[in-house]
Amino acid sequence: MNFKSLFIGAFALLVGPLSFAQSSKMGQINDNEFALTDVSYEPGADAVVLAEFGETQFFGDVLETKYFVRLKILTEAGKEYGDIRIRFYSGDDRVEEISGIKAQITNVENGKPQVTKVEKDGIFLVDLANGMKEYRISFPNVQIGSIIEYQYKKSDKNQVFLDGWTFQNPIPTLYSEYQIKMIPQLQYKMMGQGYNFTTRAESTNSDGLYTWKLRNLYSSKEEPYMKNYRDYVDRIEFQLSQYQKYDPVRGVELVDYLDTWQKLGDGVIDYYKDKGYYRSNPIERELVEFDISGNTQREIAEKAYYYLRDNFQNEGEDWIYPEKTLNQLLNSKTGSPGELVLALMGILKSVGIECDPVLIGSKGYGRSELVPFPFLNQFDEILLLTKLDGELQFLDLSDPLAPFGYVDLDKHVKAGLLLKEEESSLVPITIRHNSNSIYFSQIELDSAKNLVMKNSIRNSIYRGLNTAHLMKRENNDPGFLKELLAGGNPNEEIKNIQIEDELASKNIFTINFERVLPNFGEAETLIFNPLQYSSFAENPFTQDFRIYPVDFEYSFNETYNANIQIPEGYEVDDYPLAENISIQGDYIRFSFQPSIMDNMLKITARLEVRNPLIPVQRYGDLKFFMESVAAKLSAPVVLKKVANP
Amino acid sequence: MSIPFLYLRIFGIFLMIFYPNYHPNEIPVFSILSEKQRIELKDDFNFIHRREIEVQVLKKEGLEHVLNSIQYNSLSKVIDFRLEIEDPESGKIIEKARLRDMSDAAVYSVTNAFDDQRFKFYNIQTRKFPITVRVVTEKEYKSNFYLPAWIPVQHYNQQVKESQLEIIFPESMGLRYKAINLLGEFKEEKLPDEMVQFSWIEKDLPVQDRDLKIEDDHRLLLAPIHFSLDGFEGKMEDWNGLASWQYELNKGRDELPEKFKKELQELVKDKEDLYEKVEVLYEYLQKNFRYVSIQLGVGGWQTMTAEEVLNYSYGDCKGLTNLMKAMLNAVGIPSNYTLVQAGEFARDIEIDLPSTQFNHVILQVPTDQDPIWLECTANLIPAGFLGSFTRDRHVLVTGPDGGYLSKTPDYQDEIWNKIQTQSDIQVDQQGNAKIEFSRKYQGIYSERLRMQTQSADDREQRNFLTSQLPIPGLIIQEVQFQNDALDSLPITNISFSGILQRFAERTAKRMILRPFMGDISSQASNSGRLVQEDEFTLELPENLRLEEDLSSYNLEEAGAQLSFEIEQEDQVIKIKRTIELNIDDEMEEEDKKSLIKKLNFQANRPIHLIKNYSVPNEL
């Protein structure tokens, strides 16, 4: 029996929409859960979350969430889910505590469920570091078909930002339910996200009890061209917006906690002030021996940027809360990207250049769209917005190789919070750039009958920055670049590599080199591929289907030009045909055009990513499109000796 | 002047121009070290390990060479740490720290459910260079079972000005050592109170970089003769002594309940052959028990009892091996608990220095011929097969009479290194195709495949194949992964059917089939052993013939053979390709790389088909 018919045969055992309700009570496993052997929409899954529940309630100044998880082991490899880890932040003051852990495993033996409880000797508490702790549960008797259940309570003294609930897991989830019982004393704003959460969550609200249910969720796993897949996970969080206060005169009243962007911004600015980043004295002392004068504001800002980039170590997590004070930063000559960008602000302000920090939620931080409420925990990194000679300019100090004005690609998000005293507000982040690649190849036979391909790869802006990083690798691992440029022919040589790093001045990074195939021109026919160098000579999309959209990060184009000098005594026998293709929605285009002029075969091709975010529904088209591009870019040219020259 | 030399020169010049700090023949130095270590062993088998180092940190990268992290567990304790940093320019001390300034954290393990490994660390704040860092550490060990090796050059790009080791031990305890590539002085001295001091000093050692071969490193390995671990005393004067101690440590921990023994006897009652009996019980172990690691104190060496593993249905390598030993014993098959230094890239133990050089346990079942080896923590491999984690190395077999060194199999023969492919491809006029594909992997190739796909669901299996197999445009429709075994030989059969989008690119006069036969895998390149037999049948649309540039050929090089046969009959092309690798282990890496490149170029060429009719110029 082949796999597919086996699959169809087993379908009767698969769970569709569950006909029995899932219980959050330990041991109350329904018949469908016992019968389940595979997940219909993710066949072959190692394990599945049958049901998980979260219930949050307030008890005085403590928030308590009860967790219950029931999962089933479906394959041999799935037995790894018999080891569970629960991490929490205890801190010095028991900020979070875990209690009431109960765990059991149910195996069906001779048709009857046999329950084994996990005793204390199967539950370990590990003190990790910096206040982080972890409970580890090792379940006994884990077999294929075992149903694992565990529950615990987490108490949390933090009532400003509530953890909320993540509905998706690394394995498929058949049912996930979260409820929170709100109290009148504390008012929260909700932040929900994810395609499933926004389109098909079943939600109810009754007397302050809010419930959300989601069913049949895919596992959350990495996919190529989607490095921030966590931003698409279905989840929900909360942030305190108002609280009740008793006034002897007015009675009970609601007080805004963080109800405006201005108030939120002022809070962050106060934090930065406490760390000294708005003080001018330390900056002035620092700049005593450093000249940042210039004719224009841009010139001054560039000098300040390069001073910090080149004289300070970029170390530590990119985060909106600086650890170091400005003085510590200046003394240690070391800072995180956030600290360095705030120091840059100090320098620019000290010379009268208008600039302010902008908080952003970077790609991969877990949020695909900004929530239109002043919630601080949607931000994780800082940019600087300056006005230079009347023009707005975003600045970033994340990448020690990046020239002035480059902003880390993870920070190219739609909007951020501009921090200005009493005027903080959301601002759009528009960073325009044309990060393109031009591949040029001049191909000819030299007098010694070697086929010489003089190549130039010119990458601009962020593609150029990528190349600069490759060169850094070359510096540490000499020979790496040569290997990267070499093709599959063992006789070829890569020669005369020259690098032109003009990223800072012209936004261009160029690699020139020759690829030589010795003694090539003796044969009756000469067959070679004129377009050797492309990011897409192989189709990067090999998966059958995807769960997340394809994200190229930014629009770009790659242009390929090959000029083939037809050698004396040869004629063009064959070449790839012209082609122009696109996909529905015109997200991406490709054109390929050969032409013969004056003893020269010219091939021009262009790949254009017009919209970098391609919806998952277009994935099939994109896969075929890229296969066509790869086929065309790897097709050869054939030259043939003229029969009677 | 040879071309490679010319190339290097040009490239060197290029790097000099754009990277002025790059000196191709000089290893950059990030720090300069002077160090003194002292190990003082006591009669009660405890010892103190004291280190005094002075590091001149020349640049940021050298900061990693400063000793600022110390690991400990329930058998050891950090008792002193002092650090001071001097600015050589001003002579001032700019940073100081003591033990109380260190943070403490668990060593985070994804494999151990629970252990006692922790470390203390101090984050150096200074980022000014150059600086001089002086560190003193002292650590107390409750057992001399394992003595730390002395490695004078501990970091790449570090210049060692001087490194010194003194070890003081009671004469009655005894000490053996093995010096590897040491260039300096050794002194032996008798001290009062029947103590002995050995000392070594190394000066001005060459700076190392990542190209250093591990066998060229300077090392000193130490081993006590008399030792004790948590009250369990033993002698390491030879391998037999260490094996005896290990046997005694686990003695009596392999008892099984009578009921379970009877169940086991029932399982094998119809089996006559020794291997078959072992296989049945091994598969029982694989199916019903899983690997969970708990390492606490002496528990790092002493097994859980077999009954405990039975109750929990889990255990670590010691627990599972001990249980398997007990299970075999229950059906009358003797077996031996065996210590091994595991790890795919681990070096072999120093066989002439009996000492604690092991980190894993396997089981040896003696037979009249070669023993059966059992890796009891793996549930992916057949009984008797050892994975890359433990094969081809020396191991210490333990038993009631002590023990001896043995060697695990190396799987060099063809049967353990074979891949066979059969594939039929039907190409249509548009250049798309249908494919039926089956491939059989044997031995080490089956093992790797099992590891790579063990937790893959249906979608991930397909993704694995489409990304790993170099068949352009592949969309798999139906797939089967089948793990099998012929006794201890693991076999994996993969078969699928599918379509190939844009498999062939059409030019004006030709149809070009993109390379689809595949290169030699990196696993085969690394192991240097492969017998791969592939057969491809291509059914073509009408009016296409094979271009003359591709015909049958053979290639023979030192350590490699390639045979490529191709023929066309009507619209069917048949290809038979055989690649054999038997590369000398001593072959230089660069030579190996160019050999593989040469083979790949010849073995996986595109196929050009000429159209028998001409088309108008489409320009």
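Residues numbered from 1 in each chain as written. Chains lettered and ligands numbered in written order. Predicted model: local features only at pLDDT ≥ 70, side-chain atom pairs only at ≥ 80, totals over all residues.

An unreviewed UniProt entry annotates chain B as DUF3857 domain-containing protein of Algoriphagus kandeliae.

Labelled according to an unreviewed UniProt entry, chain A appears under the name DUF3857 domain-containing protein, originating from Algoriphagus kandeliae.

Undergrad: Summarise the pairing of strand β28 (residues 489-500) of chain B; cite the residues concerned and give the values.
TA: All names here are of chain B. Only one face of β28 is buried, namely the one carrying Pro490, Thr492, Ile494, Phe496, Gly498 and Leu500, since none of Leu489, Ile491, Asn493, Ser495, Ser497 and Ile499 on the opposite face is buried. Bridging between strand β26 (residues 433-442) and β28 involves 10 bridges; their strand directions are antiparallel. Its bridge partner lying in β28, Ser438 is registered against Ser495. Sheet analysis places strand β27 (residues 474-486) next to β28, joined by 12 bridges and oriented antiparallel. For Val479, the partnering residue across the bridge sits in β28 and is Phe496. What sits between the antiparallel neighbours β27 and β28 is a turn of 2 residues, in which Asp487 has the positive phi angle 50°. (Buried ≥ 20, exposed ≤ 12 C-beta atoms within 10 Å, placed from the backbone. Helix = DSSP H or I, 4+ residues; strand = E, 2+ residues; numbered from the N terminus. Pairing = 2+ DSSP bridges.)

Undergrad: Help me get a handle on helix α12 (residues 619-633) of chain A, residues and values and all.
TA: Over its 15 residues, α12(A) runs 21 Å from end to end, which matches the ideal 21 Å to within 8%, given 1.5 Å per residue. Among the 15 residues in α12(A), 12 count as buried, and that is most of the element. Turning to α12(A), its buried residues are Tyr619(A), Leu622(A), Lys623(A), Phe625(A), Met626(A), Glu627(A), Ser628(A), Val629(A), Ala630(A), Ala631(A), Lys632(A) and Leu633(A). If you follow the buried residues of α12(A), they end up packed against β28 (550-551), β31 (579-582), β32 (588-597), β33 (600-609) and β34 (613-614) of chain A together with β29 (504-506) of chain B. (Expected span 1.5 Å × (residues − 1). Contact = placed C-beta atoms within 7 Å.)

Undergrad: Break down the UniProt feature "domain: DUF3857" (unreviewed entry) in chain A for me, with residues and values.
TA: Taking the numbering used here, the UniProt-annotated feature "domain: DUF3857" (unreviewed entry) corresponds to residues 69-218 of chain A. Helix makes up 4% of residues 69-218 of chain A and strand 62%, and the two end C-alpha atoms of the span are 17 Å apart. (UniProt positions renumbered as here; feature names shortened; annotations may be inferred.)

Undergrad: Go over the UniProt feature "domain: DUF3857" (unreviewed entry) in chain B, please, and point to the residues and values.
TA: Residues given the UniProt feature "domain: DUF3857" (unreviewed entry) here are residues 49-206 of chain B. When the span residues 49-206 of chain B is considered, its composition is 0% helix and 58% strand, and the gap between its end C-alpha atoms is 26 Å.

Undergrad: Which residues make up the interface of chain B and chain A, and what values do they have?
TA: The interface of chain B with chain A comprises 63 residues on the first partner and 62 residues on the second. Sorting the residues of the side of chain B that touches chain A by element identifies α1 (3-18), β6 (103-106), β7 (112-115), α8 (458-468), β27, β29, β30 (510-513) and α10 (589-603) of chain B as the ones contributing at least two each. A breakdown of the residues in the side of chain B that touches chain A according to their chemical character gives 26 nonpolar, 17 polar and 20 charged. (Nonpolar A, V, L, I, M, F, W, Y, C, P; charged D, E, K, R; others polar.)

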